[in-house]
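# Residue-level structural notes
Residue strings, one per chain:
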Amino acid sequence: MSRDIIVQKFGGTSVADTDKIKNVANTILRERNLGHDVVVVVSAMGHTTDHLVKMAKEIAPNPSGREMDMLLSTGEGISIALLAMAIQAAGGDAVSMNAMQVGIITENVHTKARIVDIKTERIKNYLNQGKVVVIAGFQGVTPDGEITTLGRGGSDTSAVALAAALEAARCDIYTDVEGVYTTDPRLVPTASRLDMVSYEEMLELARVGANVLHPRAVETAKMFKVPLRVRSSFKLENLGTLIVGVEDMELQKAVTGVASDSSQLRIVVCDVPDIPGRAALIFSRLSDANISVDMIIQSYARKVENTNDIAFTIDKADLDKTLKTLDDMKDEIGASRFQVDDSIAMVSIVGAGMIDRPGIAALMFNTLGNQGINIKMISTSEIKISCLVDELDADKAVIALHKAFNLDCDEIAEVKGTLPDV
C-alpha cells in the first residue's frame, strides 16, 4: 500500500538557529510518524540571504546575475545539511539534496528563473528507502548545468512545484505566524486569522504585500490544484489557513483582507508624443529587460503639445535597470524626462465576495478621503482594488480600511517574532 507524500516547507525564520532546526526536525518526524512520506523544502537560515547580498554589493555595486546565483544558492545548502543532521540525531533517516542533485530544471534566466521541469526519480528512490528527503529551496539548474535562483521567496515556489510533480497529498508552508490574517497583525492586533481563503484571493494578497506566501507559489498551487496550508512552526495543534479553489468557499464578506506594499516606486515618463505604439515600445523594452511592471496610468493628451505622461510602478530593486532601459530609448520615444517617486505605498483590499457587489470602491475611497489620504493611482481587478498613496499614510490607510470593512475580531492576535521572509 502506497503512502501519501506530504511536502513541508520551512522558511528562514523557522531555521534561524540550531535550536529551531532541532524543533523543525521534530515537526518533520511527527508527520513521518503519522504514516506519511515526507519531502522537506528549506530556505536559508534567518537573514543569510540579506547578508550575502550586502557582501556582494560591497564588492561590486552591480554584480552579474550568474555570480549572484552562485553566491545566494549557498545559503540553502547550509540549511539542508544541518536539518538532515538534526533529523538523524533525533532518530530519523534523512538525506539532503540541492537542486542539481534533484534535477530542478529552470529556464536560462539568472536571479528570477522559472521552473520548467522536476526530475522525481531520485526523490522517490530515497522515499522508498524510508528516508526523509530535505531539498534546497529557491534554486534550480539550467539544462546546460548553470545554477539559477527563483527570485526572493522562491522556496515557496520550490515546495509547491515539488508537491505538484510528486502528486503530493498536501503542501504545508510552515512559518512563525499561525496562518493568513485579514491584515498584518503587528499593525492591527485585532486582525482575524482566516480558516480558509481561495487561491484567487491569496494570489492577490500575495501580490499586494501580504508577506506570507510568494505569488508564484500560489499560481502553481492553483494551476495544479495542490492542497496548500499555511501553519505555525510552533503551534502544531493549530491547522492554520487552508487555501482552496473559490468554488469551495462560502463567500460571506465582500472583502477578505487588506494589505500594503512599500517595496515599489513610481516612475513617470514625461511628455511622450501622443503617437500610436509609444506605450507598446516602452513596456516591450522593459519586458525584454525582465522588469515587471504593476500599476500603469496614462494621462489625457495635452492639446497644445500633443503629448501625455505615462506613469507606472516597479519594484525598488529594479530602479537602476529601469532607468538605464528608459534612458537608452529616451530619444526614440521622445520623452523629455523621467520622474521617480520612491516615497509611495500601495494599499489594497482583496475579496472574491466583492464581485457584483456595488459600493465597495466608494467605501474604500470615502474611507481614505475621511482620513485625509490622497490617492495617486488606482488599479482594479474583479477581486482587488489598489490605491497608490504616500508611504507615510500606508499604516493609517490599512487600519482605517480594516475597520471600515468589518474585519476586526474581538481577540488580540498573537504574533511570534516577525512575519516570514518568503
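Above this text sits the structure in question.
A brief structural summary. This structure is a prediction, so every number in the text was calculated from the model and none was measured.

## Some details on the packing of helix H7 (residues 199–207) against helix H8 (residues 215–224)
Taken N-terminus to C-terminus, the directions of H7 and H8 make an angle of 165 degrees; their axes are 8 Å apart at the nearest point. With respect to each other, H7 and H8 are oriented roughly antiparallel. Helix-helix and strand crossings are classified by hand; for H7 and H8 the assignment is left-handed. Taken together, the residues of H8 that come into contact with H7 (itself represented by Tyr-199, Glu-200, Met-202, Leu-203, Ala-206 and Arg-207) are Pro-215, Val-218, Glu-219, Ala-221 and Lys-222. Of the residues belonging to the contact of H7 with H8, the class tally is seven nonpolar, no polar and four charged.

## Some details on the packing of aromatic side chains
All told, the structure shown has two aromatic pairs when counted by the stated rule. When the ring of Phe-10 is compared with that of Tyr-174, the centres are 4.7 Å apart and the planes differ by 15 degrees; the resulting orientation is stacked. Note that Phe-10 is positioned in strand S1 (residues 5–10) and Tyr-174 in strand S9 (residues 170–175), a separation of 164 residues in sequence. Owing to a relative accessible area of 3%, Tyr-174 belongs among the buried residues under this scheme. Centre to centre, the rings of Phe-283 and Phe-312 are 5.4 Å apart; their planes meet at 75 degrees, and the pair counts as edge-to-face. Highlighted residues: Phe-283 in helix H9 (residues 278–288) and Phe-312 in strand S16 (residues 307–315), separated in sequence by 29 residues.

## Quick notes on the pairing of strand S19 (residues 377–381)
By the bridge criterion, five bridges tie S19 to strand S20 (residues 384–390) in an arrangement that is antiparallel. If you follow Thr-380 over to S20, its bridge partner there is Ile-385. Linking S19 back to S20 in an antiparallel pair, the connection comprises two residues.

## Some points on the side chain of Thr-322
Relative to the elements of secondary structure, Thr-322 occurs in helix H10 (residues 319–328). Owing to a relative accessible area of 0%, Thr-322 belongs among the buried residues under this scheme. A distance of 2.7 Å separates the side chain of Thr-322 from the backbone oxygen of Asp-318, its partner in a polar contact. If we ignore the near neighbours within four places in the chain, the residues touching Thr-322 are Ile-267, Leu-286, Ile-291, Phe-312 and Ile-314.

Rules used throughout
- Residues numbered from 1 in each chain as written.
- Predicted model: local features only at pLDDT ≥ 70, side-chain atom pairs only at ≥ 80, totals over all residues.
- Heavy atoms only, no water.
- Axes fitted to C-alpha atoms, helices over the stretch in contact; angles between N-to-C directions.
- Helix = DSSP H or I, 4+ residues; strand = E, 2+ residues; numbered from the N terminus.
- Parallel < 35°, antiparallel > 145°, perpendicular 65-115°, else oblique.
- Left-handed = near helix turned anticlockwise from the far one by under 90°.
- Contact = heavy atoms within 4.5 Å.
- Nonpolar A, V, L, I, M, F, W, Y, C, P; charged D, E, K, R; others polar.
- Phe/Tyr/Trp six-rings, centres within 6.5 Å; stacked < 30°, edge-to-face > 60°.
- Buried < 20%, exposed > 50% of the residue type's maximum accessible area, 1.4 Å probe, protein only.
- Pairing = 2+ DSSP bridges.
- Polar contact = N/O pair within 3.5 Å; in protein donor to acceptor, adjacent residues only side chain to side chain.

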